[in-house]
Amino acid sequence: QVQLVESGGGLVQTGGSLRLSCAATGRIFDSYLMGWFRQAPGKERAFVAAILRPTSRTYYADSVKGRFTISRDNAKNTVYLQMNSLKPEDTAVYYCAAQTGIGTYFSTRNYNYWGQGTQVTVSS
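An account of the accompanying structure is given in this report. Quick caveat, the model's predicted, so the values are computed rather than measured. (Residues numbered from 1 in each chain as written. Predicted model: local features only at pLDDT ≥ 70, side-chain atom pairs only at ≥ 80, totals over all residues. Heavy atoms only, no water.)

On to the environment of K43. Here K43 lies in the loop between strand 4 (33-39) and strand 5 (46-52). Among the residues examined, K43 registers a relative accessible area of 58% and is labelled exposed. (Helix = DSSP H or I, 4+ residues; strand = E, 2+ residues; numbered from the N terminus. Buried < 20%, exposed > 50% of the residue type's maximum accessible area, 1.4 Å probe, protein only.)

Now the structure itself:
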């Protein structure tokens, strides 16, 4: 019953910005954590950012700190990832994810639900 659908990906030049959206159905905002991961060709899926529901505390991978911001809008059942100062190394498929338990925020194994992904390509 719970579904996550990402949108907002596309092609952008180095230094540009994109905002990704994750629209959720069901009681997804009962989840303890909402996160964003990304996967580049030939690489493992990697943690990008997460937001803790009880306190709205946020977590970021070192590679995106100061450039990316995760946020949520409960009224719209949507989680966002604002991406600024994009670099070619940010090129990847970006996935929205949710976990209902209390696990580590950076591990894919702890997330129960996943979206289909949205492609982000940053050109030089």
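Back to the text.
Tallied over the entire structure, the rule returns one disulfide. Between the sulfur atoms of C22 and its disulfide partner C96 the distance amounts to 2.1 Å. Handedness here is read from the sign of the S-S torsion; for C22 and C96, about -75 degrees, the answer is left-handed. Separated by 74 residues along the polypeptide, C22 in strand 3 (residues 18-25) and C96 in strand 9 (residues 92-99) bring together distant segments of the chain. On the basis of relative accessible area, C22 is assigned to the buried category, the value being 0%. Its relative accessible area of 0% is what places C96 among the buried residues. (Disulfide = S-S within 2.5 Å.)

What follows deals with the pattern of salt bridges. Pairing between side chains becomes possible if they bear opposite charge and their charged atoms approach one another. The final tally for this structure, using the stated rule, is three salt bridges. Across the pair D90 and R67 runs a salt bridge whose closest N-O atoms are separated by 2.8 Å. Of the two residues, D90 sits in the loop between strand 8 (78-83) and strand 9 while R67 sits in the loop between strand 6 (58-60) and strand 7 (68-73), which places them 23 residues apart along the sequence. Shared partners join several salt bridges into a network, and the residues in it are R38, R67 and D90. (Salt bridge = Lys/Arg side-chain N within 4 Å of Asp/Glu carboxyl O.)

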